[in-house]
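# An overview of the molecular structure
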Amino acid sequence: MNKAFVKESDADDDDAEGAALAAAIPAGAKNYITPAGYKAIKDELLHLIDVERPEVVKVVHWAASNGDRSENGDYIYGKRRLREIDRRIRFLTKRMDSAFVVDPSVHHGNDQVFFGATVTYLNKAGEEHTVTIVGVDELDPLKGKISWVSPVARALTKAREGDLITLHTPLGVDELEIVSVEYPEPQEG
């Protein structure tokens, strides 16, 4: 197959991935992240640099020593994996550089909702939900971690336990009653 049809562009993927997350952060706003989220990004970056990349480099080196590279699957897929790893390393480095770490434990004992709060609320139907407000790089809706820029988080922010707030959704207006607001305990050290 002609290489013109299989050439991949690292820059296009970097731009697409970065643009998607950048679009999630309002213009002029900081890229807020919790200390745990920052540590997770740093751990992934170090793992890629110290473990995964060196292993793939060994495989590519071995495959290259076998001769003809044009039909050498280990070489071709190894080089592709190296590009993916390098792309992810660049992306994580950019995210760490733009991150603004906010420690939610400074609000421990507070009943008002700010970044990093774990909030339990009841909707109009009486269903109870618990969410933790985190940065765009650490959101995980299946585990109840929502981005601080999400509509629910924006509606909850600055409210207090016992407050009724209005949430505008595509399905209409919902009323949320805040049952509890919790923050992690400050770490000693």
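First, a word on what this report is: a plain description of the structure on this page.

How each quantity is defined
Residues numbered from 1 in each chain as written. Predicted model: local features only at pLDDT ≥ 70, side-chain atom pairs only at ≥ 80, totals over all residues. Heavy atoms only, no water. Salt bridge = Lys/Arg side-chain N within 4 Å of Asp/Glu carboxyl O. Helix = DSSP H or I, 4+ residues; strand = E, 2+ residues; numbered from the N terminus. Buried < 20%, exposed > 50% of the residue type's maximum accessible area, 1.4 Å probe, protein only. Expected span 1.5 Å × (residues − 1). Pairing = 2+ DSSP bridges. Axes fitted to C-alpha atoms, helices over the stretch in contact; angles between N-to-C directions. Parallel < 35°, antiparallel > 145°, perpendicular 65-115°, else oblique. Left-handed = near helix turned anticlockwise from the far one by under 90°. Nonpolar A, V, L, I, M, F, W, Y, C, P; charged D, E, K, R; others polar. Polar contact = N/O pair within 3.5 Å; in protein donor to acceptor, adjacent residues only side chain to side chain. Contact = heavy atoms within 4.5 Å.

### Things to note about the pattern of salt bridges
Taken as a whole and judged by the stated rule, the model has eight salt bridges. As a salt-bridge pair, Glu-52 and Arg-81 come within 2.4 Å of each other at their nearest N and O atoms. Of this pair, Glu-52 sits in helix α2 (residues 35-64) while Arg-81 sits in helix α3 (residues 73-98), and the two are 29 residues apart along the sequence. A residue is classified by how much of its surface remains accessible, and Glu-52, at 22% relative accessible area, is partly exposed. Connected through salt bridges with shared partners, the residues Glu-52, Arg-81 and Glu-84 form a single ionic network.

### Quick notes on α3
For α3, spanning 26 residues, the distance from its first C-alpha to its last is 37 Å, which sits close to the expected 38 Å at 1.5 Å a residue. Every buried residue of α3 is accounted for by Tyr-75, Gly-78, Leu-82, Ile-85, Arg-87, Ile-89, Phe-91, Leu-92, Arg-95 and Met-96.

### So, unusual backbone geometry
The phi dihedral of Lys-158 is positive, around 75 degrees, even though this residue is not glycine. Position of Lys-158 relative to the elements: it lies in the loop between α4 (151-156) and β6 (164-169). For Lys-158, a relative accessible area of 58% puts it in the exposed group.

### Concerning the pairing of strand β3 (residues 118-122)
As defined by bridge partners, β3 adjoins strand β4 (residues 128-134) across five bridges and the pair is classed as antiparallel. Looking at the pairing, Thr-118 lines up with Thr-132 of β4. If you look at the hairpin formed by β3 and β4, you'll find five residues sitting between the two strands, and Gly-126 has a positive phi there, around 85 degrees. Bridge count for β3 against strand β7 (residues 172-182) is five bridges, and the pairing is antiparallel. Each bridged residue has a counterpart across the sheet, and for Thr-118 the counterpart in β7 is Glu-182.

### Topic: the packing of α2 against α3
Look at α2 against α3: their axes get within 9 Å of each other, and the N-to-C directions meet at 160 degrees. In terms of orientation, α2 lies roughly antiparallel with respect to α3. For the element pair α2 and α3, the recorded crossing hand is left-handed. Across the contact of α2 with α3, the residue classes tally to 18 nonpolar, two polar and nine charged.

### Some points on the side chain of Asn-31
Assignment of secondary structure puts Asn-31 in strand β1 (residues 31-33). On the basis of relative accessibility, which here comes to 4%, the residue Asn-31 falls in the buried class. There is a polar contact of 3.2 Å between the side chain of Asn-31 and the side chain of Ser-98. Polar contacts involving the side chain of Asn-31 include one to the side chain of Asp-137, which spans 3.2 Å. When near neighbours in sequence (up to four residues on either side) are disregarded, Asn-31 contacts Ile-25, Arg-95, Ser-98, Ala-99, Phe-100, Val-136 and Asp-137.

What is shown is where atoms sit, not what they do.
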